[in-house]
Amino acid sequence: MTEMVLASGDKFVAPGVADFFLPPIFGSVTKPMVLLVLSILIIGAFFIAASRNLKLIPGKFQFAAESVYDFGRNNIAREQIGAKDFKPFIPLILTIFCFILVNNLFGLIPLVQFPTMSHIGFPLAVSLLVVYPVYHFVGFKRHGFVGYLKHQTVPPGAPWFVLPLLIPIEFFQKFILNPLTLAIRVFAAMFAGHLLLLVFTLAGEFLLLNGGLTVIVAPVSFAFAIALTFLEALIMCLQAYIFALLSASYIGMALAEEH
């Protein structure tokens with residue numbers, strides 16, 4: 001992602017999907033894989049360091065960690081799962097939020113500059129291998145196999161004559177569509193946002209280095225790139241929040257007594 005100018009002769013060639021598939025660093029290990037592991041180390045180190053010497057009156061570092069924890073605990077897990085059931089799921093929801101957030105923010109860090117979640121496989125793995133099994137497991141555990149299937153596919157008060165049409169739709173949404181859309185949402189935002197940043201940055205550089213009157217237009221492209229960087233930072237945070245929020249929401253709906 002660090003090629004400075006994408007051009008063929010004097011013609012600008014815009015970046016595309018192929019630019020997101022980076023060559024291996026060593027063996028079959030790629031940069032996104034390394035960033036994924038690095039994010040886990042960063043998150044673990046952050047909370048371990050912040051909790052090593054806890055004080056009644058927290059310092060700035062402890063306050064930052066407590067703020068992140070309180071946000072995941074109260075604003076996401078408790079609000080979506082409910083005061084009765086949310087406590088066992090706090091570590092999961094907090095971890096998901098921090099994991100998605102750090103991997104998104106990698107796209108803005110100099111020299112790194114690659115949002116890991118712009119590869120569909122990573123958010124899909126979190127959705128299908130973590131969130132999906134958890135919320136269906138707790139639903140089956142609470143309501144029983146038949147009871148949970150009915151809970152998820154038969155809305156209360158639905159007329160009997162619409163059930164043959166409604167049940168397949170609800171089943172498709174709850175058991176197939178939800179985990180896919182959960183992953184696609186963050187992937188699409190990270191992929192599209194980073195692609196736009198690449199387009200404006202590389203276009204500005206091409207205009208600057210190409211000489212002639214195009215030099216005058218180059219600052220406009222760079223200005224758009226800077227503005228998009230701030231917008232992308234906001235979207236990165238929002239997508240991490242939305243991913244964790246929907247994960248907690250699915251768990252809350254699975255545990256709820258009513259549909």
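Whatever comes next refers back to the structure up there.
This section reports on the structure supplied with the text. Here the structure is a predicted model, which means the values were calculated and not measured.

A few words on the packing of aromatic side chains. Each aromatic ring pair is described using two quantities: the centre-to-centre distance and the angle formed by the ring planes. This model, assessed by the stated rule, comprises 15 aromatic pairs. Ring centres of Phe171 and Phe175 lie 4.7 Å apart, and the angle between their planes is 25 degrees; on these two criteria the pair is classed as stacked. Of this pair, Phe171 and Phe175 both sit in helix α6 (residues 163-209), separated by four residues, roughly a single helical turn. Put simply, the rings of Phe140, Phe145, Tyr148, Phe171 and Phe175 pair up and form one aromatic cluster.

We now examine the packing of helix α2 (residues 60-81) against helix α3 (residues 90-105). Orientation of α2 relative to α3, taken along the N-to-C sense of each, is 115 degrees, at an axis distance of 9 Å. One finds that α2 runs roughly perpendicular with respect to α3. Between α2 and α3 lies a crossing of right-handed hand. Packed against α2, whose contacting residues are Val68, Tyr69, Phe71, Gly72, Arg73, Ile76 and Ala77, the element α3 presents Ile90, Ile93, Leu94, Phe97 and Cys98 at the interface. Considering only residue class, the contact of α2 with α3 consists of 10 nonpolar, one polar and one charged.

What follows covers the pattern of salt bridges. What the rule picks out here adds up to two salt bridges. Two residues, Asp85 and Arg142, come together in a salt bridge whose shortest N-O distance is 3.0 Å. Of the two residues, Asp85 sits in the loop between α2 and α3 while Arg142 sits in helix α4 (residues 121-143), which places them 57 residues apart along the sequence. Exposure remark for Arg142: the relative accessible area of 35% places this residue in the partly exposed category. Note that Lys174 is salt-bridged to Glu170, the shortest N-O span being 3.1 Å. Of this pair, Lys174 and Glu170 both sit in helix α6, four residues apart, which is roughly one turn of the helix. Each member of the pair Lys174 and Glu170 is classed as buried.

Attention now goes to the nonpolar core. Side chains of a nonpolar character, in soluble globular proteins, are inclined to be buried together. Counting residues in hydrophobic clusters, the biggest one holds 47 residues, and the most contacted among them are Ile93, Ile100, Phe243 and Ile251. Ile93 has contacts with Gly72, Ile76, Ala77, Ala244, Ser247, Ala248 and Ile251, leaving out every residue within four places of it along the chain.

Quick notes on the rules
Residues numbered from 1 in each chain as written. Predicted model: local features only at pLDDT ≥ 70, side-chain atom pairs only at ≥ 80, totals over all residues. Heavy atoms only, no water. Phe/Tyr/Trp six-rings, centres within 6.5 Å; stacked < 30°, edge-to-face > 60°. Helix = DSSP H or I, 4+ residues; strand = E, 2+ residues; numbered from the N terminus. Axes fitted to C-alpha atoms, helices over the stretch in contact; angles between N-to-C directions. Parallel < 35°, antiparallel > 145°, perpendicular 65-115°, else oblique. Left-handed = near helix turned anticlockwise from the far one by under 90°. Contact = heavy atoms within 4.5 Å. Nonpolar A, V, L, I, M, F, W, Y, C, P; charged D, E, K, R; others polar. Salt bridge = Lys/Arg side-chain N within 4 Å of Asp/Glu carboxyl O. Buried < 20%, exposed > 50% of the residue type's maximum accessible area, 1.4 Å probe, protein only. Core = buried A, V, L, I, M, F, W, Y, C linked by side-chain atoms within 4.5 Å.

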